[in-house]
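Listed below are the residues making up each chain.
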Amino acid sequence: KAGVTQTPRYLIKTRGQQVTLSCSPISGHRSVSWYQQTPGQGLQFLFEYFSETQRNKGNFPGRFSGRQFSNSRSEMNVSTLELGDSALYLCASSLVRGNSLYEQYFGPGTRLTVT
Amino acid sequence: TQLLEQSPQFLSIQEGENLTVYCNSSSVFSSLQWYRQEPGEGPVLLVTVVTGGEVKKLKRLTFQFGDARKDSSLHITAAQPGDTGLYLCAAQDSGGGADGLTFGKGTHLIIQP
C-alpha cells in the first residue's frame, strides 16, 4: 500500500506571495492532518480534515487554510507569506476517527523557504 | 492543550551503549505514541501505548507507559548507528476528542560508530 505523498518536496517563495501544498493520504484513510515543524517550536498542529470538513484547527493565523476533496486528498494554502513561515510542512493521514487511538502516518513533508 | 516535555533534548553516545529517553506531562493521556524522524523525512510511528503500566518491546527498543498515564519512556539496548534520529512522543488528551496530536519537541539522538 502506498504511503502518504506530498508535493512539492521543496519550495522557495518570496515574502508576500502565497503557496499551495498538496497531500495524498494512504488509500482508505479519510482523516488528514497538517503540521508545521520548525527547530524552535517543534511539530505544531495546523488543522485536520475528515470527509471534506475541517474538524479542528490549531492556533495559527487565518493566513493558513486548507481543504479536502472527495477523494480525501488535501491541500493547504498559506497567503501573504512571512519569513517565519519557513518550515517543514507535514501531512499525516489516519484511518480511525473519534477514537482514542489516533495513529497517524506522515508523508515526507514539503520544505518551504520564504526569502 | 497539554504540554509534553521530552528529555534529554540532545544525546550522543557510542555504539553498543544503552540509553533511556523520557516524555512527561502533568496531564493524563488516553494514549501515547512514539515516532522516529530522520533528516528530510516525516516521523515514522514506532509504537502506541494505551494502558497504564504497559510495556511494549520492538526488537532492542522498550517502551513503557507510566501507571498514571502521564509519562512514558523509551529504552534502547545496545544502540546502533541506525538508531540515530529525532525521537518524538505524541499524545491525545484524555477526552479522546478530535484535536490533533500534541507533540513533544523531541530528543535528538546520535549514535557514534
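Here's a quick rundown of the structure. If you're wondering where the values come from, they're calculated on a predicted model, not measured in any experiment.

1. Brief notes about the sheet that holds strand 7 (residues 64–68) of chain A
Residues and elements named next belong to chain A.
Thinking step 1. Strand order in the open sheet formed by four strands is 1-3-8-7, with antiparallel pairing between adjacent strands. Both outer strands of the open sheet, strand 1 (5–7) and strand 7, are each paired with one neighbouring strand and no more. Across the sheet, the mean angle from the axis of one strand to that of its neighbour is 20°, orientation sign disregarded.
Thinking step 2. Looking at chain direction, strand 3 (residues 19–24) and strand 8 (residues 74–78) are connected through five bridges and run antiparallel. The residue of strand 8 that forms the bridge with Thr20 is Asn77.

2. Considerations on the packing of aromatic side chains
Each pair of aromatic rings is reported with the distance of its centres and the angle of its planes.
Thinking step 1. Tallied over the entire structure, the rule returns 10 aromatic pairs over all chains.
Thinking step 2. With a centroid separation of 5.6 Å and 50° between ring planes, the pair formed by A:Tyr35 and A:Phe106 is classed as tilted. With a gap of 71 residues between them, A:Tyr35 in strand 4 (residues 31–38) and A:Phe106 in strand 10 (residues 105–106) connect regions that are remote in the sequence.
Thinking step 3. Classification of A:Tyr35 as buried rests on a relative accessible area of 0%.
Thinking step 4. The class for A:Phe106 is buried, based on a relative accessible area of 11%.
Thinking step 5. Between A:Phe106 and B:Tyr35 the ring centres are 5.6 Å apart and the planes differ by 85°, which places this aromatic pair in the edge-to-face class. Of the two residues, A:Phe106 is situated in strand 10 and B:Tyr35 in strand 4 (residues 29–37); the pairing between them involves two chains. Accessibility classification places A:Phe106 together with B:Tyr35 in one group, the buried group.
Thinking step 6. Three or more aromatic residues joined by ring pairs form one cluster here, namely A:Tyr35, A:Phe45, A:Phe106, B:Tyr35 and B:Phe103.
Thinking step 7. The side chain of A:Arg55 reaches across the aromatic face of A:Phe50, ending 5.7 Å from its centre.

3. Re the environment of B:Gln64
All names here are of chain B.
Thinking step 1. One can find Gln64 in strand 7 (residues 61–65).
Thinking step 2. C-alpha of Gln64 to C-alpha of Leu46: the two residues are 18 residues apart in sequence and 13 Å apart in space.
Thinking step 3. Excluding residues within four positions of it along the chain, Gln64 makes contact with Glu54, Val55, Asp71, Ser72 and Ser73.

4. Considerations on the state of the cysteines
Thinking step 1. Per the counting criterion, the structure on display carries two disulfides over all chains.
Thinking step 2. The disulfide that involves A:Cys23 links it to A:Cys91, with 1.7 Å between the sulfurs. What sets the handedness of the A:Cys23 and A:Cys91 disulfide is the S-S torsion sign, and at about -55° it is left-handed. Taken together, the positions of A:Cys23 in strand 3 and A:Cys91 in strand 9 (residues 87–94) put the pair 68 residues apart, joining distant regions of the chain. The residues A:Cys23 and A:Cys91 share a single accessibility class, namely buried.
Thinking step 3. At a sulfur-sulfur separation of 2.0 Å, the disulfide partner of B:Cys23 is B:Cys89. The sign of the S-S torsion, about 75°, decides the handedness of the disulfide formed by B:Cys23 and B:Cys89: right-handed.

5. Details of the interface of chain B and chain A
Thinking step 1. Listed per partner, the contact involves 22 residues of chain B and 22 residues of chain A.
Thinking step 2. Overall, the association of chain B and chain A removes approximately 1700 Å² of surface from exposure, summing both partners, and the carbon and sulfur fraction of that is 54%.
Thinking step 3. One can count zero salt bridges joining chain B with chain A.
Thinking step 4. Taken together, chain B and chain A are joined by four residue pairs in polar contact (both at pLDDT 80 or more).

6. Things to note about unusual backbone geometry
Residues and elements named next belong to chain A.
Thinking step 1. Residues Thr7 and Pro8 are joined by a peptide bond in cis, for which omega reads -10°.
Thinking step 2. Topologically, Pro8 is positioned in the loop between strand 1 and strand 2 (10–13).
Thinking step 3. Here the phi dihedral of Glu52 falls at roughly 70°; this positive angle occurs in a residue that is not glycine.
Thinking step 4. Positionally, Glu52 belongs in the loop between strand 5 (42–50) and strand 6 (53–57).
Thinking step 5. Although it is not a glycine, Thr80 adopts a positive phi angle of roughly 45°.
Thinking step 6. Here Thr80 lies in the loop between strand 8 and strand 9.

What counts, and at which threshold
- Residues numbered from 1 in each chain as written.
- Chains lettered and ligands numbered in written order.
- Predicted model: local features only at pLDDT ≥ 70, side-chain atom pairs only at ≥ 80, totals over all residues.
- Heavy atoms only, no water.
- Pairing = 2+ DSSP bridges.
- Helix = DSSP H or I, 4+ residues; strand = E, 2+ residues; numbered from the N terminus.
- Axes fitted to C-alpha atoms, helices over the stretch in contact; angles between N-to-C directions.
- Phe/Tyr/Trp six-rings, centres within 6.5 Å; stacked < 30°, edge-to-face > 60°.
- Buried < 20%, exposed > 50% of the residue type's maximum accessible area, 1.4 Å probe, protein only.
- Lys NZ or Arg CZ within 6 Å of the ring centre and 35° of its normal.
- Contact = heavy atoms within 4.5 Å.
- Disulfide = S-S within 2.5 Å.
- Buried area = accessible area lost by both parts, 1.4 Å probe.
- Salt bridge = Lys/Arg side-chain N within 4 Å of Asp/Glu carboxyl O.
- Polar contact = N/O pair within 3.5 Å; in protein donor to acceptor, adjacent residues only side chain to side chain.

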